[in-house]
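# A look at the structure
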Amino acid sequence: MKLVEFYLAQIYGEEAPLNKIQEVRNHCFDLFQEYQSRALTSHESSQASNEVVGIVDGKRLSSFDQFVVSSRANVDTRSELDVYLEESLLPRTPSFDSLSWWKTNGLKFPTLQKMARDLLAIPVSIVASESAFSTSGRLISPHRSRLHPTTLEALILTSSVDKVSCPTLLEEEEELDSTGLTS
């Protein structure tokens, strides 16, 4: 959040609107809540499969588990995100590896670790995403480099090229030559 506050001050001047900072903070908490609800859903399903182990185990530690859950609820009501945001900032060094930090701090912040895993996997460069989402690069090969724009558009928009009849630039040039309209 300190980085957000710093850059918002750079963008808006020293009087960075507090509502913008709060808006970013709210989006972070909303995203955290979504990840936490997914984790609870998967935890409940795995807990149902672990009930068989508890029966075989004779439920020796089930009362201890209930004790831990009840004592944890009374001790700390802050979320992982609150605890993370209250931690002091780490010194910036060129050798700092954020992925390694999340790997070692995953036990302390399991939900945030999942968020970091998903969000840090997003490529920083737009080149990779453009090539990943571009279908034209796969359609325009050296053999298809003379496609007419309508043909190219039809190739991109349809999955079956055989059903579409579109002219190539060569055919268009030949047609213009036969009519005598070319220079």
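Residues numbered from 1 in each chain as written. Predicted model: local features only at pLDDT ≥ 70, side-chain atom pairs only at ≥ 80, totals over all residues. Heavy atoms only, no water.

## A look at the overall build of the protein chain
Heads up, the condition is: By the criteria applied, helices consist of DSSP H or I runs no shorter than four residues and strands consist of E runs no shorter than two, each listed in order from the N terminus. Residue contacts follow a heavy-atom distance rule, with two residues in contact if any of their heavy atoms lie within 4.5 Å.
Looking only at helices and strands, the protein chain has 10 helices and zero strands in total. Ordering the α and β elements of the protein chain from the N terminus gives α-α-α-α-α-α-α-α-α-α. Relative to all contacts within the protein chain whose residues are 6 or more apart in sequence, the contacts with residues 24 or more apart total 40%.

## Here we look at the pattern of salt bridges
Counted only if it meets this: Any Lys or Arg side-chain nitrogen located within 4 Å of an Asp or Glu carboxyl oxygen qualifies as a salt bridge.
This model, assessed by the stated rule, comprises five salt bridges. Between Glu5 and Lys2 there is a salt bridge, with its nearest N and O atoms 4.0 Å apart. Of this pair, Glu5 and Lys2 both sit in helix 1 (residues 2-12), three residues apart, which is roughly one turn of the helix. Note that Glu86 is salt-bridged to Arg78, the shortest N-O span being 2.3 Å.

## A few points about the nonpolar core
Put simply, the rule reads: What we call a nonpolar core is a set of buried Ala, Val, Leu, Ile, Met, Phe, Trp, Tyr and Cys residues that are connected through their side-chain atoms within 4.5 Å. Only protein chains enter the accessibility calculation, which uses a 1.4 Å probe; a residue is then buried when its area is under 20% of its type maximum, exposed when over 50%, and partly exposed in between.
By size, the foremost hydrophobic cluster in this structure holds 10 residues: Phe29, Phe32, Tyr35, Leu81, Trp101, Trp102, Phe109, Leu112, Met115 and Ala116. Where this core is concerned, the elements lending two or more residues are helix 2 (18-56), helix 5 (98-104) and helix 6 (110-119). Not counting residues within four places of it along the chain, the set of residues in contact with Phe32 comprises Ser79, Glu80, Leu81, Thr111, Leu112 and Met115.

## Considerations on the side chain of Thr111
Following the sequence through the fold, Thr111 ends up in helix 6. Residue Thr111 is classed as buried on the basis of its relative accessible area of 7%. In contact with Thr111, not counting residues within four places along its chain, are Phe32, Tyr35, Gln36 and Glu80.

## Re helix 9 (residues 149-157)
Cut-off, in case you're wondering: Arc definition: it is the arc formed by the directions from the helix axis to the C-beta atoms.
Along helix 9, the residues classified as buried are Thr151, Ala154 and Leu155. Within helix 9, the buried residues cover an arc of 100° as seen down the axis, which keeps them to one side. Every exposed residue of helix 9 that faces more than 90 degrees away from the buried side is listed here: Pro149 and Leu157.

## Brief notes about the environment of Trp101
For Trp101, the position within the fold is in helix 5. As for Trp101 and Gln113, which are separated by 12 residues in sequence, their C-alpha atoms are 9.6 Å apart.

## Side note on the confidence of the model for the protein chain
As a reminder of what qualifies: The score called pLDDT rates the predictor's confidence residue by residue, from a low of 0 to a high of 100.
Across the protein chain, the average pLDDT comes to 74, with 60% of residues at 70 or higher. Looking across the protein chain, the model is least confident in helix 8 (residues 136-139), with a mean pLDDT of 55, and most confident in helix 4 (residues 80-86), with 91. Of the regions scoring below 50 in pLDDT, residues 51-56 engages in one contact with residues more than four places distant in sequence or in other chains.

## Focus on the side chain of Ser79
The topology assignment puts Ser79 in the loop between helix 3 (62-75) and helix 4. Overall, the relative accessible area of 17% leaves Ser79 in the buried class. When neighbours within four sequence positions are excluded, Ser79 is seen to be in contact with Phe29 and Phe32.

## What to know about the packing of aromatic side chains
The line we're drawing: Only rings of Phe, Tyr and Trp enter the pairing, Trp through its six-membered ring, and a pair is recorded when the two centres are within 6.5 Å. The plane angle decides the type: under 30 degrees is stacked, over 60 is edge-to-face, the rest tilted. A ring has a charge above it when a Lys NZ or an Arg CZ is no more than 6 Å from the ring centre and no more than 35 degrees off the ring normal.
Using the criterion set out here, one finds seven aromatic pairs in the structure. Residues Trp101 and Phe109 carry aromatic rings whose centres are separated by 6.3 Å and whose planes lie at 25° to one another, so their mutual orientation is stacked. Judged by centre distance (6.4 Å) and plane angle (70°), the rings of Trp102 and Phe109 are edge-to-face. A relative accessible area of 13% means that Trp102 is categorised as buried. Taken together through their ring pairs, the aromatic side chains of Tyr84, Trp101, Trp102 and Phe109 make up a single cluster. In this arrangement the basic side chain of Arg38 is found over the ring face of Tyr35, its NZ or CZ atom lying 5.2 Å from the centre.

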